[in-house]
Amino acid sequence: MNRLKYFNDPILKRKNKDITLFDDHLKKLILDMFYIMYNDRGVGLAAPQIGENINLFVIDEFSFPKENERHQPIIFINPKVTCDPNNTAIEDEGCLSFPGAIIPMKRSLNIHVDYMDIHGLPQTLDSQGWQARIIQHEYDHLLGKTLGDFISNIEKSILRKKIKERKPIFSMEDIREKLNVNKVF
Ligand SMILES: [Zn+2]
């Protein structure tokens, strides 16, 4: 399985290509991405973060659902995000590729996304608030922009020393079930 890329890995800054083949290989990659995202307690993950320079990210704003919340996994392939620049807010963000870093980021509160689903069918989504923030963060990854742009190399080397490998809490079967229950696969 692919592994997470951290800090100054050049793969995080490379150009990402559009996906044209909607096959089992893509499906497997997406499954791996959800596996890494859920097991690393993330709410989003972009393909370059696991070493694939393609235009793909996954999110689940309810990665760890509280009592009255439900999982909401979404796959975005070849996305184009349009932001409302007049309606923004600044909130702290973290990133699985920069563990330990918390950066205040200005984001649009309302966005529109055109993308493809796992079958290659065009979809649209109007998103607000927290989910819109996650989408903008992941979309930035596809443009080669990361929270790392706001962290000095000294800070990065301090954070790097603190990276801890965590034991996976979900098996691949658990992940499959989450995605099937939510009709993503
Ligand atoms: Zn990130």
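Notes on the structure follow. (Residues numbered from 1 in each chain as written. Predicted model: local features only at pLDDT ≥ 70, side-chain atom pairs only at ≥ 80, totals over all residues. Heavy atoms only, no water.)

### Thoughts on the overall build of the chain
Right, on to step 1. Check the secondary structure of the chain and you find 4 helices and 7 strands.
Right, on to step 2. What you see in the chain, going N to C, is helices and strands ordered as α-β-β-β-β-β-β-β-α-α-α.
Right, on to step 3. For the chain, whose C-alpha radius of gyration is 16 Å, the value lies close to the compact-globule estimate of 16 Å for 185 residues.
Right, on to step 4. With respect to the principal axes defined by its C-alpha atoms, the chain has extents near 45 × 40 × 40 Å.
Right, on to step 5. A burial count over the chain gives 47% of its 185 residues as buried.
Right, on to step 6. Taking as baseline every contact in the chain between residues at least 6 positions apart, the subset at least 24 positions apart corresponds to 67%.
Right, on to step 7. Total accessible area on the chain is roughly 10200 Å²; 52% of this is exposed by carbon and sulfur atoms.
Right, on to step 8. Measuring between centres, the 26 positive side-chain charges of the chain sit 6 Å from its 26 negative side-chain charges. (Helix = DSSP H or I, 4+ residues; strand = E, 2+ residues; numbered from the N terminus. Rg over C-alpha atoms; globule rule 2.2 N^0.38 Å. Buried < 20%, exposed > 50% of the residue type's maximum accessible area, 1.4 Å probe, protein only. Contact = heavy atoms within 4.5 Å. Areas by Shrake-Rupley, 256 points an atom, 1.4 Å probe, with all protein chains shown as cover. Lys, Arg positive; Asp, Glu negative; His and termini not counted. Charge placed at Lys NZ, Arg CZ, Asp CG, Glu CD.)

### With respect to the side chain of Asn182
Right, on to step 1. Its place among the elements puts Asn182 in the segment after helix H4 (172–181).
Right, on to step 2. Not counting the four nearest positions on each side in its chain, Asn182 is found in contact with Arg70, His71 and Pro73.

### Points about H4
Right, on to step 1. What H4 keeps buried is the set Ile175, Lys178 and Leu179. Taken around the axis of H4, the buried residues stretch over an arc of 90°, which confines them to a single face. Turned more than 90 degrees from where H4 packs its buried face, Glu173 and Glu177 sit exposed.
Right, on to step 2. At its buried positions, H4 is contacted by helix H1 (24–39) and strand S3 (73–83).
Right, on to step 3. Lys183, located one to two residues past H4, shows a positive phi value of around 55°. (Arc of directions from axis to C-beta.)

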